[in-house]
Amino acid sequence: MVIKYVFNLRSEERQRELPTKIIVVQSLDEDERVVLQRLFGYLILFRERIQMQTALHDDYIPFVPDLVQLDYQMEPAFWAECGECDTKKLNKLAVKVHNGEVWIVRSLRAETEDLKRRMKKDGLRQNRYRFLSLDEEMTEEVLRELQPRNDVTWYLGRFDPPIIQFEFNGIWFESEFEVSEF
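Residues numbered from 1 in each chain as written. Predicted model: local features only at pLDDT ≥ 70, side-chain atom pairs only at ≥ 80, totals over all residues. Heavy atoms only, no water.

### Observations regarding the overall build of the protein
Next, step 1: Assigned secondary structure in the protein consists of four helices and ten strands.
Next, step 2: Along the chain direction, N to C, the helices and strands of the protein fall in the order β-β-α-β-β-β-α-β-α-β-α-β-β-β.
Next, step 3: The C-alpha radius of gyration computed for the protein amounts to 16 Å, which stays within 12% of the reference 16 Å derived for 182 residues, consistent with globular compactness.
Next, step 4: For the protein, with 182 residues in total, the buried portion stands at 48%. (Helix = DSSP H or I, 4+ residues; strand = E, 2+ residues; numbered from the N terminus. Rg over C-alpha atoms; globule rule 2.2 N^0.38 Å. Buried < 20%, exposed > 50% of the residue type's maximum accessible area, 1.4 Å probe, protein only.)

Quick look at the structure:
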C-alpha cells in the first residue's frame, strides 16, 4: 500500500518550466520526510525530462530511482536517491550510472554527514557523489503544512549562493540549502 501526495505547481522563475502537477508516492516503510526530499530534490535539481520514481526496465540497473533524467540513448544522465539508502546500493550506482551525476537528497545535515562517514568506511569511490542537504527548520515547518493535496509556487532556486524561495499552501518560505560532494 502507498500514500499519494499531489503537488500543484506554478513557477515564477522563467528558466524553470515546471509541470502543473506532480504526484509523489510514499510507501508504508517511508516517512513524510522522504516525500519532501523527493519534492525539493525535484524542484531544486530540476532539468528537462526529469522523472520521478520511474522504473527503467533495464536489467543492468535493477533499481527504481527517486529522480532520474535519461539521455537520448536512454542511459541515466542524472540519478537522485532520497530517503534511506545503503552504501552497497550507492557503490553499485557509481558503476551502473557510469556517465551520469549521482545525487543524494537529505532533509537533515546530520544524516548527510553520517552517510558520508559510512561511505568512507566502506571504501566508496571519491568525487562521484553530490549531496543536497535541505534546511532542517524549513523541512519541519513544511512537514507541518503537508496535506494530501498541496499548492506550491516556485519563485527562486539557485546554487550560488544556495537559496530557494517558494510558497507552500499559501505560506512564504525562503531557505538556504547545502551542496557537498563525496
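Moving on from the coordinates now.
### Some words on the packing of aromatic side chains
The geometry of an aromatic ring pair comes down to the distance between the two centres and the angle between the two planes.
Next, step 1: In the structure shown here, the tally under the stated rule is nine aromatic pairs.
Next, step 2: Residues Phe-7 and Phe-168 carry aromatic rings whose centres are separated by 6.3 Å and whose planes lie at 50 degrees to one another, so their mutual orientation is tilted. Of this pair, Phe-7 sits in strand S1 (residues 2-11) while Phe-168 sits in strand S9 (residues 162-168), placing them 161 residues apart in sequence. Residue Phe-7 shares its accessibility class with Phe-168, and that shared class is buried.
Next, step 3: Here the aromatic rings of Tyr-155 and Trp-172 are separated by 5.3 Å at their centres, their planes lie at 55 degrees, and the arrangement is tilted. One end of the pair, Tyr-155, is in strand S8 (residues 149-159); the other, Trp-172, is in strand S10 (residues 171-181), with 17 residues separating them in the sequence.
Next, step 4: An aromatic cluster is present here, built from Phe-40, Trp-154, Phe-166 and Phe-173 joined pairwise through their rings.
Next, step 5: Just above the ring of Tyr-72 sits the side chain of Arg-49; from NZ or CZ to the centre is 4.5 Å. (Phe/Tyr/Trp six-rings, centres within 6.5 Å; stacked < 30°, edge-to-face > 60°. Lys NZ or Arg CZ within 6 Å of the ring centre and 35° of its normal.)

### Structural notes on the pairing of strand S5 (residues 76-82)
Next, step 1: A large share of S5 lies buried, amounting to six of its seven residues.
Next, step 2: The sheet contact formed by strand S4 (residues 67-70) and S5 spans four bridges and is antiparallel. Bridge assignment links Leu-70 to a residue of S5, and that residue is Pro-76.
Next, step 3: From the end of S4 to the start of S5, which pair antiparallel, there are five residues, and Met-74 there has a positive phi angle of about 65 degrees.
Next, step 4: Sheet topology note: the S5/strand S6 (residues 101-106) ladder contains five bridges and is parallel. Residue pairing for S6: Glu-81 is matched across the bridge by Ile-104.
Next, step 5: This β-α-β element, S5 to helix H2 (residues 87-96) to S6, shows right-handed connectivity. (Pairing = 2+ DSSP bridges. Right-handed = clockwise from strand over helix to strand, strands pointing away.)

### So, the side chain of Glu-13
Next, step 1: In this fold, Glu-13 is placed in the loop between S1 and strand S2 (21-27).
Next, step 2: In terms of polar contacts, Glu-13 uses its side chain to reach the backbone amide nitrogen of Gly-157, at 3.5 Å.
Next, step 3: Contacts of Glu-13, omitting those with residues within four sequence positions, involve Trp-154, Tyr-155, Leu-156 and Gly-157. (Polar contact = N/O pair within 3.5 Å; in protein donor to acceptor, adjacent residues only side chain to side chain. Contact = heavy atoms within 4.5 Å.)

### Considerations on the environment of Ser-180
Next, step 1: Here Ser-180 shows up in strand S10.
Next, step 2: Spatially, the C-alpha atoms of Ser-180 and Glu-84 are 18 Å apart, while their sequence positions differ by 96 residues.
Next, step 3: Ignoring sequence-local partners within four residues, the contact set of Ser-180 consists of Thr-112, Lys-116, Tyr-129, Arg-130 and Phe-131.
Next, step 4: In terms of polar contacts, Ser-180 uses its side chain to reach the side chain of Lys-116, at 2.7 Å.

On their own, these measurements won't tell you what the molecule is for.
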